[in-house]
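# Geometric and topological summary
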Amino acid sequence: MTRRKLLTGSAACAATLWARSHWDRSRISAITDEIGATADDAASFAHDAGMLFVEVRNQPGSNREYATSREADMQATAAHLKNESLKVSMVNTSLLKFAWPGSAAAPDQARWDRRMDDLQKALRCAEIMGADKLRIFAGTRVPDPSSMFPRIADAIAEMAAECEKQKVTLLLENDPDTNVASCADLAAVMKLMPSKAVGINWKPAPDGYALLPKKRILNVRVPAASLAPSRPEFMNWKAILTALDKDGYAGRITLEMGLTGGKGTDGGKGTDAARDSLDQLVHIVREVS
């Protein structure tokens, strides 16, 4: 038996042993291009961390998004992850993360016009990867974001109709650079989109959790900076996980390093930082399990 298969078996065994707990390590995932400069590095990190699921965004070591890549690249990665006994829970895309026509001085008309074609490519990527979720956004932020909410709802509803056919769920992420930045923004937009094919990829904010439709939170982001007590972004993750558990949340939490290709924006050794952050997160998970 190889070390990798032993690690995989150990993770599965641990998940079984901890089945009585609300939280365990098997519910933690990460984005492959943030935990390795190569596909092998990312797989090794995931196995060492006891992960059973990962998310994909860019090809490790590059800025090439899987959702817009060649099918051959998608298929190669899917085969590699399957061989490593890792499942893909979500394909992270940049769908709708640009300036929309009528909302900015310099809209990206070309991306707007091809948005449905880009969605089809992303859906094909999800199919190949075996994922049932796509991460999307709500357009580059304008001075009055609420004025965009009806347009956002219409645009995403059009996409959701296509996703329902393939049993894929769109997860809208709150991002400060977009028109949906806060919990209040998320709650307002979700009220306009009753489709079951649209959920939330929640990046916790200091307040506003009570506003959210809890059953529509299908993935949770854990920014690394929010785990460090010395950082201004620090958040009480023990309280957040306890609240999520109380409200019946059954999804995963994704460690988000803000890295590309396994390196930080300063060119440092991002995977070392990822290991440190993961250790912090695992410690918290154990406290609330």
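Everything numeric here is computed off the predicted structure, so don't read it as measured data.

If you walk through the whole model with that rule in mind, you get 19 salt bridges. Here arginine 57 makes a salt bridge to aspartate 33, at a shortest N to O gap of 2.6 Å. Of the two residues, arginine 57 is situated in the loop between strand S2 (53-56) and helix H3 (71-83) and aspartate 33 in the loop between strand S1 (28-30) and helix H2 (39-48); the sequence distance between them amounts to 24 residues. Per residue, the accessibility class of arginine 57 equals that of aspartate 33, and both read buried.

Bringing the confidence of the model for the chain into the picture now. For the chain, per-residue confidence averages 89 on the pLDDT scale, and 89% of positions sit at 70 or higher. Segment residues 5-21: pLDDT under 50, and 13 contacts once partners within four positions in sequence are set aside and those in other chains are kept. Here residues 260-268 is a poorly scored stretch, pLDDT under 50, and it has 22 contacts once near neighbours within four places are set aside; other chains count.

Right, let's talk about helix H5 (residues 115-129) for a bit. The terminal C-alpha atoms of H5 lie 21 Å apart, and with 15 residues this matches the ideal 21 Å at 1.5 Å per residue to within 8%. Restricting attention to buried positions, one finds in H5 the residues Arg115, Asp118, Leu119, Ala122, Leu123, Cys125, Ala126, Ile128 and Met129. Two residues or fewer after H5 comes glycine 130, characterised by a positive phi angle close to 75°.

On to the sheet that holds strand S8 (residues 252-256). Taken in spatial order, the 8 strands line up as S1-S8-S7-S6-S5-S4-S3-S2 in an open sheet, and their pairing is parallel. The open sheet has two edge strands, S1 and S2, and neither has a second partner. Strand-to-strand twist across the sheet, computed as the mean angle between neighbouring axes with direction ignored, equals 30°. Relative to strand S6 (residues 198-202), strand S5 (residues 169-173) runs parallel, the two being bridged by 4 bridges. Note on S6: the bridge partner recorded for leucine 170 is valine 198.

Okay, the nonpolar core next. Counting residues in hydrophobic clusters, the biggest one holds 82 residues, and the most contacted among them are Leu172, Trp202 and Leu244. If we ignore the near neighbours within four places in the chain, the residues touching leucine 244 are Trp23, Trp202, Tyr209, Ile217, Val220 and Tyr249.

Okay, the pairing of strand S3 (residues 87-92) next. Taking burial as the measure, the 6 residues of S3 include 5 buried ones, the bulk of the element. Pairing between S2 and S3: 4 bridges, direction parallel. Along S3, the bridge assignment pairs valine 54 with valine 88. What joins S2 to S3 is H3, and the crossover it makes is right-handed.

Basis of the calculations
- Residues numbered from 1 in each chain as written.
- Predicted model: local features only at pLDDT ≥ 70, side-chain atom pairs only at ≥ 80, totals over all residues.
- Heavy atoms only, no water.
- Salt bridge = Lys/Arg side-chain N within 4 Å of Asp/Glu carboxyl O.
- Helix = DSSP H or I, 4+ residues; strand = E, 2+ residues; numbered from the N terminus.
- Buried < 20%, exposed > 50% of the residue type's maximum accessible area, 1.4 Å probe, protein only.
- pLDDT = per-residue confidence, 0-100.
- Contact = heavy atoms within 4.5 Å.
- Expected span 1.5 Å × (residues − 1).
- Pairing = 2+ DSSP bridges.
- Axes fitted to C-alpha atoms, helices over the stretch in contact; angles between N-to-C directions.
- Core = buried A, V, L, I, M, F, W, Y, C linked by side-chain atoms within 4.5 Å.
- Right-handed = clockwise from strand over helix to strand, strands pointing away.

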